Amino acid sequence: MELSAMNTRILIAIVLLAAANHTVDAAGLTKEQAALLDNIEANAGRQAVLDYLDRNRRGKAASRASKAAAVAPEAPPVNSARPLYQDEIGRLVRQNERQSAPEAARASAAPVAAPKEHSTCAGFRFLLRRDWADMDFLGCPKDVADAIGAEVSFANDRAANNRIWSVNGTAALLYNSLADPVSPWLPIATSFGVYTTVNRLYNSSSEFTDGNINKAVYGLTANFLYYSDFMSNMFSFRGGMINDNLTRTSSTNFVAEYSPVIAPLVHTPIPLRNVGLPYWIRVDPSLIVQYNEVTGEDQLLTLNDRNRALRIGPQVAVKLGAYPGGSSFLDRIHASFVYHRAYETYSRSYLTWMTTAVGMNIDDKGHLSLAFTYSRGDDEDTGKFNNIYRLGLAGKI
Amino acid sequence: VRGTLTSLDVTARTAKVAVSPGKNRRILAEILGGDWPDATKLADLGYDDIPSKAGLASAIRVRNVPVSPAAIIACDTVGCVKTEMNRVRPEWS
(Lines give C-alpha, C1' and ligand atoms only; values in the text may rest on other atoms or scores of the structure.)
Protein backbone atom coordinates (compact mmCIF):
# COMPACT_ATOMS: atom_id res chain seq x y z
CA MET A 1 0.00 0.00 0.00
CA GLU A 2 1.34 3.38 -0.92
CA LEU A 3 1.16 6.15 1.60
CA SER A 4 1.32 9.76 0.69
CA ALA A 5 3.63 12.07 2.61
CA MET A 6 0.71 13.57 4.46
CA ASN A 7 -0.64 10.21 5.54
CA THR A 8 2.80 9.22 6.77
CA ARG A 9 2.90 12.27 8.96
CA ILE A 10 -0.56 11.44 10.30
CA LEU A 11 0.57 7.95 11.26
CA ILE A 12 3.66 9.31 12.99
CA ALA A 13 1.41 11.63 14.96
CA ILE A 14 -0.83 8.73 16.00
CA VAL A 15 2.15 6.75 17.27
CA LEU A 16 3.40 9.71 19.26
CA LEU A 17 -0.05 10.24 20.72
CA ALA A 18 -0.37 6.66 21.77
CA ALA A 19 3.00 6.81 23.50
CA ALA A 20 2.34 10.04 25.32
CA ASN A 21 1.28 9.90 28.97
CA HIS A 22 0.36 13.43 29.75
CA THR A 23 -2.79 15.29 30.68
CA VAL A 24 -4.98 15.96 27.74
CA ASP A 25 -7.19 18.83 26.65
CA ALA A 26 -10.82 18.63 25.61
CA ALA A 27 -9.85 17.06 22.31
CA GLY A 28 -7.69 14.49 24.04
CA LEU A 29 -4.38 16.16 23.14
CA THR A 30 -1.51 17.49 25.18
CA LYS A 31 -0.07 20.84 24.30
CA GLU A 32 2.89 19.24 22.60
CA GLN A 33 0.67 16.96 20.57
CA ALA A 34 -1.59 19.83 19.58
CA ALA A 35 1.43 21.80 18.51
CA LEU A 36 2.62 18.90 16.46
CA LEU A 37 -0.70 18.57 14.74
CA ASP A 38 -0.70 22.26 13.97
CA ASN A 39 2.32 21.65 11.87
CA ILE A 40 0.41 19.18 9.75
CA GLU A 41 -0.56 21.05 6.69
CA ALA A 42 -3.88 19.49 5.81
CA ASN A 43 -6.84 20.32 8.01
CA ALA A 44 -8.53 17.14 6.82
CA GLY A 45 -5.63 15.11 8.25
CA ARG A 46 -5.91 16.86 11.61
CA GLN A 47 -9.61 16.18 11.71
CA ALA A 48 -8.97 12.54 10.89
CA VAL A 49 -6.62 12.18 13.85
CA LEU A 50 -9.13 13.81 16.15
CA ASP A 51 -11.86 11.49 14.95
CA TYR A 52 -9.62 8.50 15.48
CA LEU A 53 -8.81 9.51 19.04
CA ASP A 54 -12.46 10.08 19.80
CA ARG A 55 -13.49 6.66 18.57
CA ASN A 56 -10.59 5.04 20.34
CA ARG A 57 -11.52 6.63 23.67
CA ARG A 58 -15.13 5.54 23.34
CA GLY A 59 -14.10 2.06 22.41
CA LYS A 60 -11.89 1.71 25.48
CA ALA A 61 -14.69 2.90 27.73
CA ALA A 62 -17.09 0.36 26.31
CA SER A 63 -14.49 -2.38 26.75
CA ARG A 64 -13.94 -1.55 30.39
CA ALA A 65 -17.69 -1.48 31.03
CA SER A 66 -18.66 -4.77 29.51
CA LYS A 67 -15.38 -6.77 29.41
CA ALA A 68 -16.57 -7.87 26.03
CA ALA A 69 -14.31 -8.68 23.16
CA ALA A 70 -12.19 -5.70 22.34
CA VAL A 71 -13.29 -3.81 19.29
CA ALA A 72 -10.37 -2.99 17.10
CA PRO A 73 -10.21 0.70 16.32
CA GLU A 74 -10.74 1.39 12.73
CA ALA A 75 -7.89 2.92 10.88
CA PRO A 76 -8.18 6.60 10.21
CA PRO A 77 -9.47 7.37 6.77
CA VAL A 78 -6.79 8.12 4.31
CA ASN A 79 -6.92 9.79 0.98
CA SER A 80 -7.31 6.87 -1.35
CA ALA A 81 -7.49 6.79 -5.09
CA ARG A 82 -9.68 3.66 -4.99
CA PRO A 83 -13.38 4.07 -5.80
CA LEU A 84 -15.86 4.26 -2.98
CA TYR A 85 -17.70 1.01 -3.83
CA GLN A 86 -14.54 -1.05 -3.27
CA ASP A 87 -14.16 0.39 0.20
CA GLU A 88 -17.77 -0.52 0.85
CA ILE A 89 -17.20 -4.11 -0.25
CA GLY A 90 -14.14 -4.31 1.94
CA ARG A 91 -16.10 -3.03 4.95
CA LEU A 92 -18.84 -5.59 4.42
CA VAL A 93 -16.32 -8.38 3.98
CA ARG A 94 -14.55 -7.50 7.23
CA GLN A 95 -17.84 -7.19 9.03
CA ASN A 96 -19.15 -10.55 7.85
CA GLU A 97 -15.88 -12.30 8.58
CA ARG A 98 -15.93 -10.96 12.13
CA GLN A 99 -19.50 -12.15 12.51
CA SER A 100 -18.74 -15.58 11.12
CA ALA A 101 -15.52 -16.01 13.12
CA PRO A 102 -17.16 -18.03 15.96
CA GLU A 103 -18.82 -20.27 13.40
CA ALA A 104 -15.50 -20.78 11.61
CA ALA A 105 -13.86 -21.61 14.92
CA ARG A 106 -16.50 -24.21 15.64
CA ALA A 107 -16.11 -25.65 12.14
CA SER A 108 -12.34 -25.96 12.50
CA ALA A 109 -12.74 -27.67 15.85
CA ALA A 110 -15.13 -30.25 14.38
CA PRO A 111 -13.55 -33.62 13.46
CA VAL A 112 -12.49 -33.92 9.82
CA ALA A 113 -14.44 -36.61 8.00
CA ALA A 114 -12.28 -39.51 6.81
CA PRO A 115 -12.09 -39.97 3.02
CA LYS A 116 -14.46 -42.56 1.62
CA GLU A 117 -12.95 -46.02 1.40
CA HIS A 118 -13.51 -47.64 -2.01
CA SER A 119 -11.70 -50.94 -1.54
CA THR A 120 -14.02 -53.91 -1.18
CA CYS A 121 -11.48 -55.55 1.12
CA ALA A 122 -10.30 -52.54 3.14
CA GLY A 123 -8.34 -52.99 6.34
CA PHE A 124 -6.43 -55.93 7.75
CA ARG A 125 -7.32 -59.47 6.78
CA PHE A 126 -5.96 -62.79 7.94
CA LEU A 127 -5.94 -65.43 5.23
CA LEU A 128 -5.24 -69.15 5.17
CA ARG A 129 -4.74 -70.64 1.72
CA ARG A 130 -2.86 -73.42 -0.05
CA ASP A 131 -0.36 -70.96 -1.54
CA TRP A 132 -0.08 -67.27 -2.17
CA ALA A 133 -1.13 -67.56 -5.84
CA ASP A 134 -4.76 -66.78 -5.02
CA MET A 135 -3.88 -63.82 -2.82
CA ASP A 136 -3.91 -60.81 -5.11
CA PHE A 137 -1.65 -58.58 -3.09
CA LEU A 138 -2.58 -55.36 -4.89
CA GLY A 139 -6.22 -56.16 -5.47
CA CYS A 140 -8.45 -58.20 -3.23
CA PRO A 141 -7.92 -61.88 -2.51
CA LYS A 142 -10.25 -64.46 -3.95
CA ASP A 143 -13.38 -65.26 -2.04
CA VAL A 144 -13.02 -68.07 0.43
CA ALA A 145 -15.45 -70.15 -1.64
CA ASP A 146 -13.22 -69.88 -4.71
CA ALA A 147 -9.86 -70.29 -2.99
CA ILE A 148 -7.94 -73.47 -2.28
CA GLY A 149 -7.43 -74.00 1.41
CA ALA A 150 -4.44 -75.15 3.40
CA GLU A 151 -4.17 -78.88 3.97
CA VAL A 152 -2.87 -81.29 6.56
CA SER A 153 -3.07 -84.91 5.49
CA PHE A 154 -2.10 -88.39 6.56
CA ALA A 155 -1.86 -91.43 4.32
CA ASN A 156 -1.00 -95.01 5.14
CA ASP A 157 0.36 -97.04 2.25
CA ARG A 158 0.02 -100.54 3.61
CA ALA A 159 1.46 -102.17 0.50
CA ALA A 160 4.72 -100.25 0.84
CA ASN A 161 4.51 -100.06 4.60
CA ASN A 162 4.88 -96.29 4.41
CA ARG A 163 2.98 -93.64 6.31
CA ILE A 164 2.94 -90.17 4.81
CA TRP A 165 2.36 -86.93 6.70
CA SER A 166 2.03 -83.71 4.76
CA VAL A 167 1.39 -80.06 5.60
CA ASN A 168 0.90 -77.52 2.85
CA GLY A 169 -0.45 -74.05 3.48
CA THR A 170 0.09 -70.33 3.52
CA ALA A 171 -0.91 -67.92 6.24
CA ALA A 172 -0.95 -64.21 5.46
CA LEU A 173 -1.86 -60.94 7.06
CA LEU A 174 -2.80 -58.37 4.42
CA TYR A 175 -3.88 -54.74 4.46
CA ASN A 176 -5.70 -52.96 1.64
CA SER A 177 -6.94 -49.41 1.21
CA LEU A 178 -8.26 -47.38 -1.73
CA ALA A 179 -9.27 -43.85 -0.80
CA ASP A 180 -8.65 -40.35 -2.09
CA PRO A 181 -5.64 -39.05 -0.15
CA VAL A 182 -6.00 -36.08 2.16
CA SER A 183 -2.35 -35.18 1.57
CA PRO A 184 -0.08 -35.51 -1.48
CA TRP A 185 2.30 -37.51 0.71
CA LEU A 186 -0.27 -40.26 1.20
CA PRO A 187 -0.90 -42.95 -1.42
CA ILE A 188 -4.31 -43.37 -3.00
CA ALA A 189 -3.93 -47.16 -3.09
CA THR A 190 -2.10 -49.08 -0.41
CA SER A 191 -1.53 -52.78 -0.08
CA PHE A 192 0.98 -54.57 2.12
CA GLY A 193 1.28 -57.83 3.92
CA VAL A 194 3.40 -60.65 5.21
CA TYR A 195 2.98 -64.34 4.62
CA THR A 196 4.57 -67.64 5.45
CA THR A 197 4.26 -70.89 3.58
CA VAL A 198 4.96 -74.30 5.03
CA ASN A 199 5.51 -77.27 2.75
CA ARG A 200 6.37 -80.50 4.55
CA LEU A 201 6.13 -84.09 3.51
CA TYR A 202 7.40 -86.93 5.70
CA ASN A 203 7.72 -90.59 4.67
CA SER A 204 8.08 -93.09 7.46
CA SER A 205 9.73 -95.70 5.26
CA SER A 206 13.45 -95.27 4.67
CA GLU A 207 12.96 -96.29 1.04
CA PHE A 208 11.07 -93.07 0.34
CA THR A 209 13.05 -90.53 2.33
CA ASP A 210 14.33 -88.96 -0.87
CA GLY A 211 10.84 -87.64 -1.39
CA ASN A 212 10.76 -85.84 1.93
CA ILE A 213 10.14 -82.10 1.83
CA ASN A 214 10.75 -79.62 4.58
CA LYS A 215 10.58 -76.10 3.23
CA ALA A 216 9.47 -72.88 4.81
CA VAL A 217 8.88 -69.64 2.92
CA TYR A 218 8.69 -66.19 4.46
CA GLY A 219 7.60 -63.27 2.35
CA LEU A 220 6.48 -59.69 2.38
CA THR A 221 4.91 -57.37 -0.15
CA ALA A 222 4.02 -53.70 -0.26
CA ASN A 223 2.46 -51.62 -3.02
CA PHE A 224 1.78 -47.90 -3.03
CA LEU A 225 0.19 -45.76 -5.74
CA TYR A 226 0.58 -42.00 -5.48
CA TYR A 227 -1.91 -40.09 -7.61
CA SER A 228 -1.84 -36.73 -9.30
CA ASP A 229 -3.70 -35.52 -12.35
CA PHE A 230 -0.45 -34.98 -14.23
CA MET A 231 1.51 -38.07 -13.20
CA SER A 232 0.91 -40.99 -10.87
CA ASN A 233 3.67 -43.16 -9.43
CA MET A 234 3.49 -46.81 -8.51
CA PHE A 235 5.98 -48.38 -6.10
CA SER A 236 6.03 -52.13 -5.53
CA PHE A 237 8.19 -54.13 -3.16
CA ARG A 238 8.19 -57.87 -2.70
CA GLY A 239 10.63 -60.21 -1.11
CA GLY A 240 10.87 -63.71 0.18
CA MET A 241 13.17 -66.30 1.66
CA ILE A 242 12.97 -70.05 1.14
CA ASN A 243 14.55 -72.27 3.76
CA ASP A 244 15.14 -75.88 2.83
CA ASN A 245 15.70 -77.56 6.17
CA LEU A 246 16.73 -80.85 4.60
CA THR A 247 19.52 -79.55 2.39
CA ARG A 248 20.44 -76.74 4.81
CA THR A 249 20.19 -74.15 2.08
CA SER A 250 18.29 -70.95 1.69
CA SER A 251 17.40 -68.63 -1.14
CA THR A 252 16.48 -64.98 -0.71
CA ASN A 253 15.10 -62.56 -3.25
CA PHE A 254 13.92 -58.99 -3.12
CA VAL A 255 12.40 -56.93 -5.93
CA ALA A 256 11.61 -53.22 -5.97
CA GLU A 257 9.79 -51.76 -8.95
CA TYR A 258 8.82 -48.23 -9.91
CA SER A 259 6.26 -47.52 -12.64
CA PRO A 260 5.17 -44.04 -13.75
CA VAL A 261 1.68 -43.36 -15.06
CA ILE A 262 1.21 -40.40 -17.40
CA ALA A 263 -2.16 -40.30 -19.13
CA PRO A 264 -2.77 -40.69 -21.98
CA LEU A 265 0.62 -42.03 -23.09
CA VAL A 266 2.34 -44.04 -20.35
CA HIS A 267 0.77 -47.04 -18.61
CA THR A 268 -2.57 -46.08 -20.15
CA PRO A 269 -4.18 -47.60 -23.26
CA ILE A 270 -3.89 -45.45 -26.37
CA PRO A 271 -6.79 -45.93 -28.82
CA LEU A 272 -5.55 -46.62 -32.34
CA ARG A 273 -8.97 -46.21 -33.90
CA ASN A 274 -8.01 -42.71 -34.98
CA VAL A 275 -5.51 -44.26 -37.39
CA GLY A 276 -7.96 -46.86 -38.60
CA LEU A 277 -6.84 -49.83 -36.50
CA PRO A 278 -9.20 -51.74 -34.17
CA TYR A 279 -6.61 -51.85 -31.37
CA TRP A 280 -5.43 -50.17 -28.23
CA ILE A 281 -1.74 -50.10 -27.37
CA ARG A 282 -0.19 -49.67 -23.97
CA VAL A 283 3.41 -48.85 -23.07
CA ASP A 284 4.46 -49.71 -19.50
CA PRO A 285 7.99 -48.62 -18.60
CA SER A 286 9.44 -49.41 -15.20
CA LEU A 287 12.67 -49.42 -13.24
CA ILE A 288 13.47 -52.68 -11.46
CA VAL A 289 15.96 -53.51 -8.72
CA GLN A 290 16.44 -57.22 -7.98
CA TYR A 291 18.52 -58.79 -5.22
CA ASN A 292 19.19 -62.51 -4.91
CA GLU A 293 21.21 -64.45 -2.38
CA VAL A 294 21.76 -68.13 -1.67
CA THR A 295 23.37 -69.73 1.35
CA GLY A 296 24.56 -73.25 1.97
CA GLU A 297 27.31 -75.51 0.82
CA ASP A 298 28.15 -75.25 -2.90
CA GLN A 299 25.29 -72.87 -3.49
CA LEU A 300 25.90 -70.40 -6.31
CA LEU A 301 23.58 -68.31 -8.39
CA THR A 302 23.59 -69.14 -12.07
CA LEU A 303 23.16 -65.44 -12.77
CA ASN A 304 26.81 -64.70 -12.00
CA ASP A 305 28.33 -67.81 -10.33
CA ARG A 306 28.34 -66.01 -7.00
CA ASN A 307 26.19 -66.37 -3.93
CA ARG A 308 24.57 -62.98 -4.36
CA ALA A 309 23.49 -60.75 -7.22
CA LEU A 310 22.14 -57.23 -7.51
CA ARG A 311 20.54 -56.20 -10.77
CA ILE A 312 19.36 -52.70 -11.64
CA GLY A 313 17.79 -51.76 -14.92
CA PRO A 314 14.83 -50.54 -16.93
CA GLN A 315 12.10 -52.59 -18.45
CA VAL A 316 9.52 -51.73 -21.05
CA ALA A 317 6.43 -53.75 -21.75
CA VAL A 318 4.20 -53.10 -24.75
CA LYS A 319 0.75 -54.61 -25.08
CA LEU A 320 -1.49 -54.57 -28.12
CA GLY A 321 -5.10 -55.58 -27.71
CA ALA A 322 -8.19 -55.62 -29.92
CA TYR A 323 -11.38 -53.90 -28.85
CA PRO A 324 -14.24 -56.24 -27.97
CA GLY A 325 -17.08 -57.00 -30.34
CA GLY A 326 -15.13 -57.21 -33.58
CA SER A 327 -15.28 -60.31 -35.77
CA SER A 328 -12.76 -59.61 -38.50
CA PHE A 329 -9.35 -61.24 -38.77
CA LEU A 330 -7.61 -58.21 -37.27
CA ASP A 331 -9.97 -58.18 -34.29
CA ARG A 332 -8.72 -61.59 -33.19
CA ILE A 333 -5.06 -60.66 -32.85
CA HIS A 334 -3.30 -59.62 -29.67
CA ALA A 335 0.41 -59.19 -28.94
CA SER A 336 2.89 -58.32 -26.21
CA PHE A 337 6.55 -57.44 -26.04
CA VAL A 338 8.84 -57.17 -23.00
CA TYR A 339 12.44 -55.99 -22.97
CA HIS A 340 14.48 -55.85 -19.77
CA ARG A 341 18.10 -54.80 -19.52
CA ALA A 342 19.87 -54.83 -16.17
CA TYR A 343 23.34 -54.17 -14.82
CA GLU A 344 24.59 -56.82 -12.41
CA THR A 345 26.78 -55.03 -9.93
CA TYR A 346 28.77 -57.97 -8.47
CA SER A 347 29.96 -59.31 -11.82
CA ARG A 348 29.80 -55.88 -13.48
CA SER A 349 28.01 -57.27 -16.46
CA TYR A 350 24.80 -56.59 -18.35
CA LEU A 351 21.92 -59.01 -18.62
CA THR A 352 19.16 -58.68 -21.18
CA TRP A 353 15.87 -60.46 -21.59
CA MET A 354 13.40 -60.11 -24.40
CA THR A 355 10.20 -61.98 -25.00
CA THR A 356 7.46 -61.39 -27.50
CA ALA A 357 4.17 -63.13 -28.06
CA VAL A 358 1.55 -62.93 -30.77
CA GLY A 359 -1.77 -64.69 -30.40
CA MET A 360 -4.86 -65.11 -32.50
CA ASN A 361 -8.26 -66.31 -31.39
CA ILE A 362 -9.65 -68.81 -33.85
CA ASP A 363 -13.19 -68.68 -32.50
CA ASP A 364 -15.09 -65.59 -31.36
CA LYS A 365 -14.77 -66.32 -27.65
CA GLY A 366 -11.10 -67.20 -27.78
CA HIS A 367 -11.53 -70.73 -26.53
CA LEU A 368 -9.41 -71.94 -29.41
CA SER A 369 -6.32 -69.90 -30.07
CA LEU A 370 -3.00 -69.96 -31.82
CA ALA A 371 0.08 -68.47 -30.14
CA PHE A 372 3.62 -67.73 -31.19
CA THR A 373 6.30 -66.75 -28.66
CA TYR A 374 9.93 -65.90 -29.05
CA SER A 375 12.35 -65.39 -26.17
CA ARG A 376 15.98 -64.40 -26.23
CA GLY A 377 18.42 -63.43 -23.54
CA ASP A 378 19.38 -64.29 -19.98
CA ASP A 379 16.53 -65.94 -18.10
CA GLU A 380 15.17 -63.71 -15.35
CA ASP A 381 15.29 -66.46 -12.73
CA THR A 382 18.23 -68.66 -13.66
CA GLY A 383 20.37 -66.39 -15.80
CA LYS A 384 20.69 -69.15 -18.38
CA PHE A 385 20.90 -67.85 -21.95
CA ASN A 386 17.85 -68.66 -24.07
CA ASN A 387 17.08 -68.29 -27.74
CA ILE A 388 13.88 -70.13 -28.42
CA TYR A 389 10.63 -69.77 -30.29
CA ARG A 390 7.45 -71.69 -29.70
CA LEU A 391 4.29 -72.23 -31.68
CA GLY A 392 1.25 -73.55 -29.86
CA LEU A 393 -2.40 -74.31 -30.32
CA ALA A 394 -4.57 -74.09 -27.23
CA GLY A 395 -8.17 -75.04 -26.84
CA LYS A 396 -10.83 -75.65 -24.25
CA ILE A 397 -14.45 -76.79 -24.44
CA VAL B 1 -23.72 -6.63 -2.54
CA ARG B 2 -25.15 -9.61 -0.72
CA GLY B 3 -25.54 -9.52 3.02
CA THR B 4 -23.45 -12.64 3.55
CA LEU B 5 -20.54 -11.59 1.38
CA THR B 6 -17.23 -13.04 2.56
CA SER B 7 -13.71 -13.00 1.18
CA LEU B 8 -14.27 -16.49 -0.18
CA ASP B 9 -17.09 -15.14 -2.31
CA VAL B 10 -14.79 -12.47 -3.63
CA THR B 11 -11.72 -14.60 -4.35
CA ALA B 12 -13.11 -18.02 -5.24
CA ARG B 13 -15.97 -17.50 -7.57
CA THR B 14 -17.61 -20.74 -8.60
CA ALA B 15 -17.22 -21.44 -12.30
CA LYS B 16 -20.53 -21.83 -14.02
CA VAL B 17 -20.81 -24.98 -16.15
CA ALA B 18 -23.14 -24.86 -19.10
CA VAL B 19 -25.72 -27.61 -19.39
CA SER B 20 -24.64 -29.99 -22.14
CA PRO B 21 -26.52 -33.28 -22.15
CA GLY B 22 -24.43 -36.28 -23.18
CA LYS B 23 -21.08 -34.56 -22.83
CA ASN B 24 -19.91 -37.03 -20.16
CA ARG B 25 -20.62 -39.89 -22.54
CA ARG B 26 -18.75 -38.19 -25.37
CA ILE B 27 -15.75 -37.51 -23.14
CA LEU B 28 -15.59 -41.14 -22.03
CA ALA B 29 -15.98 -42.37 -25.62
CA GLU B 30 -13.07 -40.18 -26.64
CA ILE B 31 -10.87 -41.62 -23.90
CA LEU B 32 -11.91 -45.27 -24.31
CA GLY B 33 -11.84 -45.28 -28.09
CA GLY B 34 -15.57 -45.80 -28.50
CA ASP B 35 -18.99 -45.53 -26.91
CA TRP B 36 -19.05 -48.89 -25.19
CA PRO B 37 -22.04 -50.52 -23.47
CA ASP B 38 -22.20 -50.09 -19.72
CA ALA B 39 -21.45 -53.74 -19.07
CA THR B 40 -18.15 -53.64 -20.97
CA LYS B 41 -15.22 -54.63 -18.76
CA LEU B 42 -12.53 -52.00 -18.43
CA ALA B 43 -9.98 -54.82 -18.61
CA ASP B 44 -11.14 -55.59 -22.17
CA LEU B 45 -10.26 -52.01 -23.10
CA GLY B 46 -6.75 -52.22 -21.67
CA TYR B 47 -7.45 -50.94 -18.16
CA ASP B 48 -6.61 -54.14 -16.35
CA ASP B 49 -4.64 -52.90 -13.35
CA ILE B 50 -4.75 -50.15 -10.75
CA PRO B 51 -2.12 -47.83 -12.34
CA SER B 52 -3.90 -47.83 -15.71
CA LYS B 53 -7.20 -46.98 -13.99
CA ALA B 54 -5.41 -44.11 -12.26
CA GLY B 55 -4.50 -42.94 -15.76
CA LEU B 56 -8.17 -43.19 -16.73
CA ALA B 57 -9.14 -41.02 -13.75
CA SER B 58 -6.51 -38.49 -14.72
CA ALA B 59 -7.73 -38.38 -18.33
CA ILE B 60 -11.28 -37.71 -17.10
CA ARG B 61 -10.29 -35.07 -14.56
CA VAL B 62 -8.22 -33.02 -17.02
CA ARG B 63 -11.39 -32.76 -19.11
CA ASN B 64 -13.03 -30.78 -16.32
CA VAL B 65 -14.98 -33.67 -14.79
CA PRO B 66 -13.76 -33.75 -11.15
CA VAL B 67 -14.36 -37.43 -10.43
CA SER B 68 -12.88 -39.13 -7.39
CA PRO B 69 -9.76 -41.01 -8.58
CA ALA B 70 -10.30 -43.69 -5.96
CA ALA B 71 -13.87 -44.24 -7.17
CA ILE B 72 -12.67 -44.66 -10.74
CA ILE B 73 -9.90 -47.06 -9.70
CA ALA B 74 -12.52 -49.14 -7.90
CA CYS B 75 -14.59 -49.45 -11.09
CA ASP B 76 -14.56 -52.60 -13.21
CA THR B 77 -17.04 -51.60 -15.92
CA VAL B 78 -17.70 -48.69 -18.26
CA GLY B 79 -21.08 -48.12 -16.63
CA CYS B 80 -19.47 -47.61 -13.25
CA VAL B 81 -17.26 -44.86 -14.68
CA LYS B 82 -20.22 -43.20 -16.41
CA THR B 83 -22.20 -43.22 -13.17
CA GLU B 84 -19.36 -41.54 -11.30
CA MET B 85 -18.99 -38.89 -14.02
CA ASN B 86 -22.73 -38.16 -14.04
CA ARG B 87 -22.72 -37.90 -10.26
CA VAL B 88 -20.10 -35.16 -10.13
CA ARG B 89 -21.12 -33.41 -13.37
CA PRO B 90 -24.91 -33.93 -13.66
CA GLU B 91 -25.29 -31.03 -16.09
CA TRP B 92 -23.27 -33.08 -18.62
CA SER B 93 -25.09 -36.37 -18.03
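Residues numbered from 1 in each chain as written. Chains lettered and ligands numbered in written order. Predicted model: local features only at pLDDT ≥ 70, side-chain atom pairs only at ≥ 80, totals over all residues. Heavy atoms only, no water.

## Considering the packing of helix α2 (residues 23-32) of chain B against helix α3 (residues 50-61) of chain B
Residues and elements named next belong to chain B. Orientation of α2 relative to α3, taken along the N-to-C sense of each, is 135 degrees, at an axis distance of 10 Å. Considering the angle they form, α2 stands oblique to α3. Handedness of the crossing formed by α2 with α3: right-handed. Contacts from Leu-28, Ile-31 and Leu-32 of α2 reach α3 at Leu-56, Ala-59 and Ile-60. For the contact of α2 with α3, the class distribution of residues is six nonpolar, no polar and no charged. (Axes fitted to C-alpha atoms, helices over the stretch in contact; angles between N-to-C directions. Helix = DSSP H or I, 4+ residues; strand = E, 2+ residues; numbered from the N terminus. Parallel < 35°, antiparallel > 145°, perpendicular 65-115°, else oblique. Left-handed = near helix turned anticlockwise from the far one by under 90°. Contact = heavy atoms within 4.5 Å. Nonpolar A, V, L, I, M, F, W, Y, C, P; charged D, E, K, R; others polar.)

## Thoughts on the interface of chain B and chain A
Counting residues at the interface gives 36 residues for chain B and 32 residues for chain A. In total, about 2600 Å² of surface goes out of reach between chain B and chain A, with carbon and sulfur atoms giving 66% of it. The interface formed by chain B and chain A contains four salt bridges. Residues Asp-48 of chain B and Arg-282 of chain A are paired through a salt bridge, measuring 2.7 Å at the closest nitrogen-oxygen approach. Where chain B meets chain A, there are twelve residue pairs in polar contact (both at pLDDT 80 or more). For the side of chain B that touches chain A, the secondary-structure elements that each account for two or more residues are α1 (7-11), α2, α3 and α4 (69-73) of chain B. In terms of residue count, the dominant contributor to the side of chain B that touches chain A is α3 of chain B (nine residues). (Buried area = accessible area lost by both parts, 1.4 Å probe. Salt bridge = Lys/Arg side-chain N within 4 Å of Asp/Glu carboxyl O. Polar contact = N/O pair within 3.5 Å; in protein donor to acceptor, adjacent residues only side chain to side chain.)

## Quick word on the packing of aromatic side chains
As enumerated under the stated definition, the model contains nine aromatic pairs over all chains in all. The interplanar angle of 25 degrees and the centroid separation of 5.0 Å between the aromatic rings of Tyr-175 of chain A and Phe-192 of chain A together place this pair among those described as stacked. Here Tyr-175 of chain A is found in strand β3 (residues 162-178), whereas its partner Phe-192 of chain A is found in strand β4 (residues 189-203), with 17 residues between them in sequence. You can call Phe-192 of chain A partly exposed: its relative accessible area is 31%. Each residue in the set Phe-124, Tyr-175 and Phe-192 of chain A is aromatic and connected to the rest through ring pairs, giving one cluster. A cation over a ring is seen here: Arg-341 of chain A above Tyr-350 of chain A, with NZ or CZ 4.4 Å from the ring centre. We note Arg-89 of chain B situated over the ring of Trp-92 of chain B; from NZ or CZ to the ring centre the distance is 5.0 Å. (Phe/Tyr/Trp six-rings, centres within 6.5 Å; stacked < 30°, edge-to-face > 60°. Buried < 20%, exposed > 50% of the residue type's maximum accessible area, 1.4 Å probe, protein only. Lys NZ or Arg CZ within 6 Å of the ring centre and 35° of its normal.)

By themselves, these observations are geometric and do not establish any function.
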